[in-house]
Amino acid sequence: MRAMVLTGPGELALDSVEQPAPSADQVLVHVTHSGICGTDYKIFNGSIPVHYPLIPGHEMAGEVVDPGGNAAFKSGDRVIIDPELYCGACFHCRIGQTHLCPKGKLLGRDVNGGFAEFVTAPATHVFPLPAAVDGRTAPMIQVLTTCLHAQRQVDIFAGETVVVLGLGVTGQLHVQLAKARGARVIGITRSAEKRKLAETLGADLTIAGGDDVVEKVREATEGRGADVIIETTGILAQLASAVPMVRFGGRILMFGIFTVKEGALPFYDLYFKELTLIGARVAKSEDYEASIALVQRGVVRFDPLVSDVMPFGELRTAIGMLGSDGAAGRMKIIIEHG
Ligand SMILES: [Zn+2]
Ligand SMILES: [Zn+2]
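Residues numbered from 1 in each chain as written. Chains lettered and ligands numbered in written order. Predicted model: local features only at pLDDT ≥ 70, side-chain atom pairs only at ≥ 80, totals over all residues. Heavy atoms only, no water.

Enquirer: Looking at this structure, how should I read the environment of Leu173?
Expert: Looking at the secondary structure, you find Leu173 in helix 4 (residues 169-180). Judged by its relative accessible area of 0%, Leu173 is buried. In the structure, Leu173 is positioned 128 residues away from Arg301 in sequence and 8.2 Å away in space, judged by C-alpha atoms. Ignoring sequence-local partners within four residues, the contact set of Leu173 consists of Val143, Leu144, Cys147, Val300, Phe302 and Leu305. (Helix = DSSP H or I, 4+ residues; strand = E, 2+ residues; numbered from the N terminus. Buried < 20%, exposed > 50% of the residue type's maximum accessible area, 1.4 Å probe, protein only. Contact = heavy atoms within 4.5 Å.)

Okay, structure coming up:
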């Protein structure tokens, strides 16, 4: 089969490799569409270490070719794949925290993923797509599950004010999810284009990122600050800015991935305002069913978040576009496998 094989940092090329054979508990899927994100770029350039050779790709949709021994599927079923594998037998898996399994593996990072003609996945990780869900944007369901899983960790009540910091793809998904929960949503970013997009997706108010942003959030919340801040950028200075932006007793959801290991935060204010800092990582099976339903019912829209659709043969170029200067202003890149 055709596959994009990574043989070293920056060394990604179209190659012909052996088609994977599904074991009894696996399903063989013909990949029709995949999405690429910052994680793929880091795997590509070597900043996330992997064993070579590797077929990357963890956001994928396709059609069942061989359901193996799994009666729940038949050939031709449209599906998406949950790429987060878990062992099923450890302490975390047994208490339902499969996403925290210490033996967990990611398709496209630890085992071969979806940048190929075919991929195998355990039947437990394959989810049927209803007719109303477009296969082209379906790889974004994986991204939505991570946002949904994160929002499950924080109580948001109807009428509360939620600030979303950063309005990239995940920020725009958080805007839509918080709106669906009945919140009043304020979106913050420097990009005028992304602010406009957030408004069309339901943000009640958007604010241009800058020096006076804390003041503007306070103005919009009767001087109190927002009830909840969802930080999506992973930039420590943004997290620090959330502290004066949130009300006393408020909650800060750390969705963006902070790779720094130390740095400055207004620690005294964390105590004095009695703030809750909430972490969230990846997603669980329950988030797939729920995310598919949200898209099927039109509660969450993917189409406006796609900035580029590219053919499979241009995947290397597409990943390169996520590098430093190409990333700005770019939203989701979808790959059509053809
Ligand atoms: Zn991703
Ligand atoms: Zn486990």
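Enquirer: Help me understand the sheet that holds strand 12 (residues 205-208), please; the structure alone is not making it clear to me.
Expert: Two pairing modes exist for strands in a sheet, parallel and antiparallel, and in both the strands are linked by backbone hydrogen bonds. Spatially, 12-11-10-13-14-15 is the arrangement adopted by the six strands of the open sheet, whose pairing is parallel. Each edge of the open sheet is held by one strand with a lone partner, namely strand 12 and strand 15 (276-279). Strand after strand, the sheet turns through a mean of 20° between neighbouring axes, direction not considered. Strands strand 10 (161-165), strand 11 (184-189), strand 13 (226-231) and strand 14 (246-254) of the sheet are contacted by helix 4, whose axis makes an angle of about 170° with strand 10. (Pairing = 2+ DSSP bridges. Axes fitted to C-alpha atoms, helices over the stretch in contact; angles between N-to-C directions.)

Enquirer: Explanation requested: the pairing of strand 10 in the structure shown.
Expert: Within a regular strand, the side chains alternate between the two sheet faces. Taken across its five residues, strand 10 has five buried, putting it largely inside the fold. On strand 10, burial covers both faces: Thr161, Val163 and Leu165 on one face and Val162 and Val164 on the other are all buried. Tracing the backbone out of strand 10, into helix 4 and back to the parallel element strand 11 gives a crossover that is right-handed. Alignment of strand 10 against strand 13, held across four bridges, turns out to be parallel. From the neighbouring strand, Val163 faces strand 13, where its bridge partner is Ile229. (Right-handed = clockwise from strand over helix to strand, strands pointing away.)

Enquirer: Looking at this structure, I do not really get the side chain of Thr146. What am I missing?
Expert: Summarising the element assignment, Thr146 is placed in helix 3 (residues 140-152). The class for Thr146 is buried, based on a relative accessible area of 15%. For Thr146, the side chain forms a polar contact with the main-chain oxygen of Val143, separated by 2.6 Å. Setting aside anything within four residues of it in sequence, one finds Thr146 in contact with Phe255, Val282 and Ala283. (Polar contact = N/O pair within 3.5 Å; in protein donor to acceptor, adjacent residues only side chain to side chain.)

Enquirer: What exactly am I supposed to notice about the nonpolar core here?
Expert: Here is a general trend for soluble globular proteins: nonpolar side chains tend to be buried in one another's company. If you look at the biggest cluster of nonpolar residues, it comprises 44 residues, and the most contacted ones within it are Ile80, Ile141, Val162, Leu173, Phe302 and Leu305. When residues of this core are traced back to their parent elements, those giving at least two are helix 3, strand 10, helix 4, helix 5 (192-200), strand 13 and helix 9 (285-296). When residues no more than four places from it in sequence are discounted, the contact partners of Leu305 are Met140, Val169, Gln172, Leu173, Gln176, Leu197, Leu201, Met331 and Lys332. Grouped together as the second largest cluster of nonpolar side chains are 26 residues, Ala3, Met4, Leu12 and Phe312 included. (Core = buried A, V, L, I, M, F, W, Y, C linked by side-chain atoms within 4.5 Å.)

Enquirer: Any chance you could explain a nonpolar patch on the surface here in plain terms?
Expert: A contiguous nonpolar surface patch, about 530 Å² in accessible area, is contributed by Phe248, Tyr268, Tyr271 and Phe272. The biggest single contributor to the nonpolar patch is helix 8 (residues 267-272), with three residues. When you line up the elements, Tyr271 lands in helix 8. Judged by relative accessible area, which is 59%, Tyr271 ranks as exposed. (Patch = residues over 30% accessible without salt bridge, like charges linked within 9 Å, V, L, I, M, F, W, Y side chains within 5 Å. Areas by Shrake-Rupley, 256 points an atom, 1.4 Å probe, with all protein chains shown as cover. Salt bridge = Lys/Arg side-chain N within 4 Å of Asp/Glu carboxyl O.)

Enquirer: Looking at this structure, I do not really get the coordination of the zinc ion (ligand 2). What am I missing?
Expert: Octahedral metals with six donors have ideal donor angles of 90 or 180 degrees. Tetrahedral metals with four donors have an ideal donor angle of 109.5 degrees. Binding of the zinc ion (ligand 2) to the protein goes through Cys87 (SG), Cys90 (SG), Cys93 (SG) and Cys101 (SG), at separations of 2.3 to 2.4 Å. For the zinc ion (ligand 2), the four donor atoms in the first shell make angles of 104 to 117° at the metal, so the coordination geometry reads as tetrahedral. Linear spacing of the donor residues for the zinc ion (ligand 2) on their chain is C-x2-C-x2-C-x7-C. With Cys87 in the loop between strand 6 (84-85) and helix 2 (91-94) and Cys101 in the loop between helix 2 and strand 7 (105-106), this residue pair connects regions lying 14 residues apart in the sequence. (Donors = N, O, S within 2.8 Å, 3.2 Å for Na, K, Ca; no water. Tetrahedral: all angles 85-135°; square planar, octahedral: opposite > 155°, others 65-115°.)

None of the figures reported here should be taken as evidence of function without further support.
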